[in-house]
Amino acid sequence: MNTAFPEQFFQRQDESADQNFYSQPRFVTHIDDVTISSLTEFYREQIAPGSRVLDLMSSWISHLPEGVGYAHVSGLGMNAAELEANPRLHHYCVQDLNITPTLPFADNSFDAVLIAVSIQYLVKPVEVMTEINRCLTTGGQCIVAMSHRLFPTKAIHAFHILSPADRCRLVATYMEKGGLTEIEALDHSPHTGDPLWIVRSYCS
Ligand SMILES: C[S@@+](CC[C@H](N)C(=O)[O-])C[C@H]1O[C@@H](n2cnc3c(N)ncnc32)[C@H](O)[C@@H]1O
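Residues numbered from 1 in each chain as written. Predicted model: local features only at pLDDT ≥ 70, side-chain atom pairs only at ≥ 80, totals over all residues.

Visitor: It is not clear to me how helix α4 (residues 125–135) should be interpreted in this structure. Could you clarify?
Guide: Residues spaced three or four apart along an α-helix point in a common direction, a consequence of the helix completing one turn every 3.6 residues. Extensive coverage of α4 is indicated by the burial of ten of its eleven residues. The set of residues buried in α4 consists of P125, V126, E127, V128, M129, T130, E131, I132, N133 and C135. Packing partners of the buried residues in α4 comprise β1 (52–56), β4 (110–116), β5 (136–146) and α6 (164–177). (Buried ≥ 20, exposed ≤ 12 C-beta atoms within 10 Å, placed from the backbone. Helix = DSSP H or I, 4+ residues; strand = E, 2+ residues; numbered from the N terminus. Contact = placed C-beta atoms within 7 Å.)

Visitor: Please clarify how the site of the ligand should be interpreted in this entry.
Guide: Contacts to the ligand come from 17 residues, most closely from S59, G77, M78, L97 and A116. For the shell around the ligand, the per-class residue count stands at eight nonpolar, seven polar and two charged. (Near = placed C-beta within 6 Å. Nonpolar A, V, L, I, M, F, W, Y, C, P; charged D, E, K, R; others polar.)

Visitor: Please explain the environment of Y202 as it appears in this structure.
Guide: Relative to the assigned elements, Y202 resides in strand β7 (residues 197–202). Y202 sits in the partly exposed class, given 17 other C-beta atoms within 10 Å. Counting along the chain gives 66 residues from Y202 to L136, while the straight-line C-alpha distance between them is 8.4 Å. Look past the residues within four positions of Y202 in its chain and what remains in contact with it is G139, G140, Q141, L180, T181 and E182.

Visitor: Sorry, what's going on with unusual backbone geometry here?
Guide: In terms of backbone geometry, most residues other than glycine have negative phi values and most peptide bonds are trans. Unlike most non-glycine residues, H63 shows phi in positive territory, near 70 degrees. With respect to the helices and strands, the residue H63 is situated in the loop between β1 and β2 (72–77). Here V117, not a glycine, exhibits a phi torsion of approximately 45 degrees, which is positive.

Visitor: Just checking my understanding: could you explain the sheet that holds β5 for this structure?
Guide: The strand order β3-β2-β1-β4-β5-β7-β6 describes an open sheet built from seven strands, whose pairing is mixed. Every interior strand has two partners, whereas the edge strands, β3 (91–94) and β6 (181–187), have only one. Along the sheet, successive strands turn relative to each other by an average axial angle of 15 degrees, direction set aside. As paired strands, β4 and β5 are joined by six bridges and run parallel to one another. (Pairing = 2+ DSSP bridges. Axes fitted to C-alpha atoms, helices over the stretch in contact; angles between N-to-C directions.)

Visitor: Sorry if this is basic, but what is going on with the nonpolar core here?
Guide: In globular proteins that are soluble, nonpolar side chains generally tend to be buried together. Counting 48 residues, the largest nonpolar core has V113, L114, V144 and A145 as the members making the most contacts within it. For this core, the elements supplying multiple residues, two or more each, are α2 (33–46), β1, β2, β4, α4, β5, α6 and β7. (Core = buried A, V, L, I, M, F, W, Y, C linked by C-beta atoms within 7 Å.)

Visitor: It is not clear to me how the pairing of β4 should be interpreted in this structure. Could you clarify?
Guide: Side-chain direction in a regular strand flips from residue to residue, so the side chains alternate between the two faces of the sheet. Of all seven residues making up β4, seven are buried, and the element is well covered by its neighbours. Relative to β4, β1 is paired through four bridges, and the arrangement is parallel. Along β4, the bridge assignment pairs V53 with A112. For the crossover from β4 across α4 to β5, the handedness is right-handed. (Right-handed = clockwise from strand over helix to strand, strands pointing away.)

Visitor: Could you clarify how one ought to interpret α2 in this entry?
Guide: Counted at 1.5 Å a residue, the expected span for α2 with its 14 residues is 20 Å, and the 20 Å between its end C-alpha atoms agrees. Among the residues making up α2, those that are buried are T35, I36, S38, L39 and Y43. Around the axis of α2, the buried residues are gathered within 160 degrees of arc, so they sit on the same side. Of the residues in α2, the exposed ones pointing more than 90 degrees away from the buried face are D33 and E45. Each element contacted by the buried residues of α2 is listed here: β4 and β5. (Expected span 1.5 Å × (residues − 1). Arc of directions from axis to C-beta.)

Right under this line is the structure:
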């Protein structure tokens with residue numbers, strides 16, 4: 001499924017099992033507090049209360065606004081201790097999307113699927129986007145948030161060499177190939193702190 005992209009795009013300095021890299025929990029944030037606030041405000045404005053939400057590539061923090069009630073929030077990530085500590089998750093599972101991109105959820109089961117500051121670690125992104133599209137209800141949205149920090153040995157080569165604008169275009173292409181529509185790239189970077197680029201699309 002990655003045939004439209006240069007093969008080296010998906011190569012990583014560290015091709016060993018992701019399970020090893022993520023075996024120890026990291027109770028840290030990966031973007032500045034002001035950037036987290038910008039992402040949280042975006043979620044507040046764009047995800048309706050009562051929505052069913054899937055936080056993919058999740059950890060101990062989902063950046064969802066406090067005080068907003070969602071019908072259900074599921075998380076999928078690599079470290080059980082991080083996911084267990086995430087106060088927003090009603091349910092979580094540990095799964096390596098680079099081995100198994102098929103999502104363990106029913107068709108049409110979410111109104112919003114989120115990937116925060118993690119898309120650069122996927123080596124089968126089109127398969128994952130296809131699955132996101134399957135799991136979203138019609139009119140549901142996929143929100144991919146990106147910044148400029150990364151674990152260099154685990155990020156795919158493309159994210160080392162492309163400009164921010166081209167990284168947004170690449171993610172838009174993942175989405176398009178996965179069947180998502182109405183794709184838009186948005187810059188929600190705060191005046192200071194880490195940048196915040198968002199690519200959003202819909203299930204139609
Ligand atoms: C930089 S952290 C971001 C965590 C969280 N989304 C946040 O905003 O703080 C990267 C996350 O990607 C997840 N991840 C990395 N590789 C993965 C893979 N192969 N399959 C599933 N999740 C993965 C890890 O579990 C980790 O939580």
